[in-house]
Amino acid sequence: MKEIVDIISAYHSAVKENRKTALATVVKVEGSSYRRAGARMLVTDDGMLTGAISGGCLEGDALRKALSAIHQGENKLVTYDTTDEDDAKFGVQLGCNGIVHILFEPIFSDDQFNPIELLKAANSKRENCVFITLFSLEDKTQPGSVMLFREDSILERNIPEIAGSIKNDAFDVLKLKLSRIETYSIEGKNYDALIEFIPPPIQLIIAGAGNDAQPLVSMANILGWEITVIDGRQTHCTLQRFPSAKSILVAKPKEILANVDIDRQTAFVLMTHNYNYDIELLNILLETKVSYIGTLGPKKKLLRMLDELGKSDEIAKVNGPVGLDIGAETAEEIAVSIIAEIKAVFSGASSKMLKEKKQSIHSYE
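Fair warning: this is a prediction, and the values are worked out from it, not measured in the lab.

A. Broad picture of the overall build of the protein chain. Within the protein chain one finds nine helices and 15 strands. For the C-alpha atoms alone, the extent of the protein chain along its principal axes is close to 70 × 45 × 40 Å. Residues counted as buried form 45% of the 365 residues belonging to the protein chain. Contacts spanning at least 24 positions in sequence make up 58% of the contacts within the protein chain whose residues lie at least 6 apart. The average position of the 41 basic charges and that of the 51 acidic charges among the side chains of the protein chain differ by 3 Å.

B. Broad picture of the sheet that holds strand 6 (residues 129–135). With antiparallel pairing, the five strands of this open sheet are ordered in space as 8-7-6-10-9. Every other strand in the sheet has two partners, leaving strand 8 (153–156) and strand 9 (180–186) as the edge strands with one partner each. Taking each pair of neighbouring strands and ignoring which way they run, the sheet shows an average axis angle of 20°. Of the strand pairs in this sheet, strand 6 and strand 10 (residues 189–198) are connected by seven bridges, and their pairing is antiparallel. Bridge assignment links Phe131 to a residue of strand 10, and that residue is Glu196. The strands touched by helix 3 (residues 115–123) within the sheet are strand 6, strand 7 (144–150) and strand 8, with strand 7 carrying the most contacts at an inclination of about 20°.

C. Main features of the UniProt feature "domain: XdhC Rossmann" (unreviewed entry) in the protein chain. With numbering aligned to this structure, UniProt lists the feature "domain: XdhC Rossmann" (unreviewed entry) at residues 204–342. Split by type, residues 204–342 is 35% helix and 17% strand. Its first and last C-alpha atoms lie 9 Å apart.

D. Fine view of the pattern of salt bridges. Per the counting criterion, the structure on display carries 26 salt bridges. The salt bridge involving Asp6 is made with Lys2; its shortest N-O contact spans 2.8 Å. One end of the pair, Asp6, and the other, Lys2, are both in helix 1 (residues 2–16), four residues apart, so they sit about a helical turn from each other. The partly exposed category is assigned to Lys2, whose relative accessible area is 30%. Of the charged contacts in the structure, one is a salt bridge between Glu74 and Lys76, with a shortest N-O distance of 3.5 Å. Here the salt bridges do not stand alone but share partners, grouping Arg126, Glu226, Lys246 and Asp263 into one network.

E. Structural detail: the side chain of Arg40. Considering the arrangement of structural elements, one finds Arg40 in strand 2 (residues 40–44). Judged by relative accessible area, Arg40 falls into the buried class, the value being 2%. Within the structure, the side chain of Arg40 is placed 2.6 Å from the side chain of Glu196, a separation counted as a polar contact.

F. Region of the structure containing the pairing of strand 14 (residues 266–270). With five of five residues buried, strand 14 is to be regarded as a mostly interior element. Of the two faces of strand 14, the one lined by Thr266, Phe268 and Leu270 and the one lined by Ala267 and Val269 are each fully buried. Bridge analysis of strand 11 (residues 203–207) against strand 14 gives five bridges, and the strand direction is parallel. Its bridge partner being in strand 14, Gln203 is matched across the sheet by Thr266.

G. Region of interest: unusual backbone geometry. Going from Gly320 to Pro321, the amide bond is cis rather than trans, its omega being 0°. Not every positive phi belongs to a glycine, and Asn18 is a case in point at roughly 60°. Looking at the secondary structure, you find Asn18 in the loop between helix 1 and strand 1 (21–31). The phi angle at His273 is positive, at roughly 60°, despite the residue not being glycine. Within the secondary structure, His273 is located in the loop between strand 14 and helix 7 (275–285).

Reading the values: the criteria
- Residues numbered from 1 in each chain as written.
- Predicted model: local features only at pLDDT ≥ 70, side-chain atom pairs only at ≥ 80, totals over all residues.
- Heavy atoms only, no water.
- Helix = DSSP H or I, 4+ residues; strand = E, 2+ residues; numbered from the N terminus.
- Buried < 20%, exposed > 50% of the residue type's maximum accessible area, 1.4 Å probe, protein only.
- Contact = heavy atoms within 4.5 Å.
- Lys, Arg positive; Asp, Glu negative; His and termini not counted.
- Charge placed at Lys NZ, Arg CZ, Asp CG, Glu CD.
- Pairing = 2+ DSSP bridges.
- Axes fitted to C-alpha atoms, helices over the stretch in contact; angles between N-to-C directions.
- UniProt positions renumbered as here; feature names shortened; annotations may be inferred.
- Salt bridge = Lys/Arg side-chain N within 4 Å of Asp/Glu carboxyl O.
- Polar contact = N/O pair within 3.5 Å; in protein donor to acceptor, adjacent residues only side chain to side chain.

Structure, rendered in structure tokens:
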């Protein structure tokens, strides 16, 4: 979601400067590639790039293709075959061993369904949504971004012949939370659709405004997570100390739930270094459906808290000590381990070394 937020911001800046823009989207990948389907990059007519569609190897040529799409005013699909040993035609050594299909869409600000407007709609709520991009590997006509789907609302272009089928498939993707590509027929021609599941960003709520929370906030901000810092101390819990936090809340544990909306993408980390504050908040959180609770400190502290609460049987609901075992010592290293564990939990990943993984890195390859 951070890439989408950055693209929307860059687009608004370009509009203010009367710049023309195009959106490049990876719509399909065959084999290996640095970025997967759904990766995006905004290109302005003065050559500014926001987002990424590769590790840097395709951006140079993609800039030229995007400028061509802007100049001609029409969507274009470009295929990069990185399995070809003759990488010289791209001017780079790609080495990805895959085929990458990228759709370039010029953005027209007066079009209420242009890709940026659909991305803005995706970013407007903390709700799961599905973004549909329609393209053809066989025909010159490229419909492009056609729909933003939620259970209770739909923004869509007029594609009556296949709209029902796309909505049914989008509903399945929304339920399964797994992107996929489907093929549809329009007037006898086959079109592929990237039906992309987009969750809201992780909401990280940190209870504790000590110095060790500062690198955690900074790193989470880099990832585009929405961060709230909570503490009972007015002197510590300030925007000056945590400028990248979305919100700052000075509150007692019993006041927190009235000021925070918990959803399926919410993670709590308890690191106040105040035993009474942590145990009271832990007791409250165990009665909610929050997806992740992490507690800083030794496991014996967590066991003691659960024992005092009479909830020892709920230890599986708590990640304590919080973080992955990477040998962390400093506040910055601990922040890395916490961020990595939370990301793994919400991604359903094993958090083991990639070299030990038997399957493809990405589950949808």
